[in-house]
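Next come the chains, spelled out residue by residue.
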Amino acid sequence: MLELNLVNLFYNRIHALKDVSLTVGEGELVALIGANGAGKSSTLRAISGMHPIKSGAITFEGQNLSQVPGHLIIDLGIAHCPEGRQVFGRLSVKENLELGAFRRRDKAALKQDEEWVYTLFPLLADRNAQAAGTLSGGEQQMLAIARALMSRPRLLLFDEPSLGLAPLIVEQIFKVIKEIKDQGRTVLLVEQNAYQALHISDRAYVLETGMVKLSGTPQELLANEEVKRAYLGG
Ligand code: ATP
């Protein structure tokens, strides 16, 4: 479904992605793990057109994404849930969700999706008139995920959804991401929380200083001495 082939990305002279190649198959949940600054967010930014690539190719369902303007990538069925949540604080929960769906005209399906996200996150239904800025960090993360789902994406890009959240909330977030995959969506999940990410994913890639260092099934990576030492706390 998604393929990155020898992708290079720069921030001025900083070479953030070096010949990154990876694939995500339809219906897969693929994790991208690695330390701070390894290039995980940059990989997602490259896919969603938030930052141009210098060379290489990114294709989504056979279409070359570098020829698609960033603001149109959502129309292809890709939703990016960026790091730091970025919900609209003054708007209500409901209004935030509506913004996630603002390009859609399929009213019946939209209603279904609204019901689905409220089932995934019952708390958002209870608070739907509340200003998003008054929600806790975990609740805002849930809203950010719910908003991304409202565009009915086929591919979801999650950037560190567990960052800074309490353990119980982290568990809920991972459970929902697994549920989203089980509902047939495709997911590329960026996480520093390697242990949890590996437990819900089908395959994973390890990024190190802008390069793909390793890839494999969670079983392979969880058993890998290097991965254990560097990302799983020994
Ligand atoms: P983090 O978890 O900290 O976000 P990451 O693995 O997602 O880490 P990236 O954010 O992709 O890493 O950063 C890759 C490299 O690019 C790092 O060296 C980082 O300092 C640099 N970088 C990222 N964003 C910018 C920017 N806007 N301007 C300049 N350099 C940047």
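Note that the structure is a prediction, hence the values are computed from the model and not measured.

Turning to the site of the ligand, a few remarks are in order. Of all residues adjacent to the ligand, which total 15 residues, the nearest are N36, G37, G39, S41 and S42. G39 places a polar main-chain atom, nitrogen or oxygen, 2.8 Å from an oxygen atom of the ligand. Burial of the ligand by the surrounding chains reaches 65%, relative to a free accessible area of 620 Å². Every element with two or more residues in the shell around the ligand is listed here: β2 (14-24) and α1 (40-47). With four residues, α1 is the single largest residue contributor to the shell around the ligand. When the residues that make up the shell around the ligand are grouped by side-chain class, the tally is five nonpolar, six polar and four charged.

Now for the pairing of strand β8 (residues 186-191). Among the six residues of β8, six are classified as buried, and the element is accordingly described as predominantly covered. Note that strand β7 (residues 155-159) and β8 share five bridges and pair parallel. From the neighbouring strand, D159 faces β8, where its bridge partner is V190. For the segment spanning β7, helix α6 (residues 167-182) and β8, crossover handedness is right-handed.

Ranked by size, the top nonpolar core spans 45 residues in total, and within it F158, I180 and L189 carry the most contacts. In terms of residue count, the dominant contributor to this core is helix α5 (residues 137-149) (seven residues). If you look at the next biggest cluster of nonpolar residues, it comprises 28 residues, including V7, F60, L76 and L207.

This part is about the sheet that holds strand β4 (residues 55-60). On the basis of which strands lie adjacent, the open sheet formed by four strands has the order β2-β1-β4-β5 and antiparallel pairing. The open sheet has two edge strands with one neighbour each: β2 and β5 (63-64). As judged from the seven bridges shared by strand β1 (residues 2-11) and β2, these two strands associate in the antiparallel manner. What sits directly across from L4, in β2, is L22. The strands that α1 touches are β1, β2 and β4; relative to β1, the one it contacts most, it runs at about 110°.

Once that is clear, we can look at the packing of aromatic side chains. All told, the structure shown has zero aromatic pairs when counted by the stated rule. In this structure, K54 packs its charged tip against the face of F10, placed 5.9 Å from the ring centre.

With seven of its eight residues buried, α1 lies for the most part within the structure. All of the buried residues along α1 are K40, S41, S42, T43, L44, A46 and I47.

What follows deals with the packing of helix α2 (residues 93-100) against α5. Axis separation between α2 and α5 bottoms out at 7 Å; the angle between their running directions is 35°. Relative to α5, α2 is oriented so that their crossing is right-handed. Here V93, N96, L97 and G100 of α2 lie close against α5, whose contacting residues are L143, A146 and R147. Split by residue class, the contact of α2 with α5 holds four nonpolar, two polar and one charged.

Bringing the confidence of the model for the protein into the picture now. The predicted model of the protein has a mean per-residue pLDDT of 92, with 100% of residues at 70 or higher. When mean pLDDT is compared element by element in the protein, β2 scores highest at 98, while helix α9 (residues 225-231) scores lowest at 87. Confidence metrics for the complex model read pTM 0.93 and ipTM 0.94.

Below, the discussion takes up the pattern of salt bridges. Under the counting rule described, the total for this entry stands at 13 salt bridges. The residue R203 makes a salt bridge to E28 at a minimum N-O spacing of 2.7 Å. A residue pair is termed long-range when its members are at least 10 positions apart, and R203 in strand β9 (residues 203-208) and E28 in the loop between β2 and β3 (29-33) qualify at 175 residues. Salt-bridge contacts for E139 lead to R127; the nearest nitrogen and oxygen are separated by 2.9 Å. Separated by 12 residues along the polypeptide, E139 in helix α5 and R127 in the loop between α4 (122-126) and α5 bring together distant segments of the chain. What makes E139 buried here is its relative accessible area of 13%. The network of salt bridges with shared partners includes K94, E98 and E114.

Thresholds applied
Residues numbered from 1 in each chain as written. Predicted model: local features only at pLDDT ≥ 70, side-chain atom pairs only at ≥ 80, totals over all residues. Heavy atoms only, no water. Near = heavy atom within 4 Å. Polar contact = N/O pair within 3.5 Å; in protein donor to acceptor, adjacent residues only side chain to side chain. Areas by Shrake-Rupley, 256 points an atom, 1.4 Å probe, with all protein chains shown as cover. Helix = DSSP H or I, 4+ residues; strand = E, 2+ residues; numbered from the N terminus. Nonpolar A, V, L, I, M, F, W, Y, C, P; charged D, E, K, R; others polar. Buried < 20%, exposed > 50% of the residue type's maximum accessible area, 1.4 Å probe, protein only. Pairing = 2+ DSSP bridges. Right-handed = clockwise from strand over helix to strand, strands pointing away. Core = buried A, V, L, I, M, F, W, Y, C linked by side-chain atoms within 4.5 Å. Contact = heavy atoms within 4.5 Å. Axes fitted to C-alpha atoms, helices over the stretch in contact; angles between N-to-C directions. Phe/Tyr/Trp six-rings, centres within 6.5 Å; stacked < 30°, edge-to-face > 60°. Lys NZ or Arg CZ within 6 Å of the ring centre and 35° of its normal. Left-handed = near helix turned anticlockwise from the far one by under 90°. pLDDT = per-residue confidence, 0-100. Salt bridge = Lys/Arg side-chain N within 4 Å of Asp/Glu carboxyl O.

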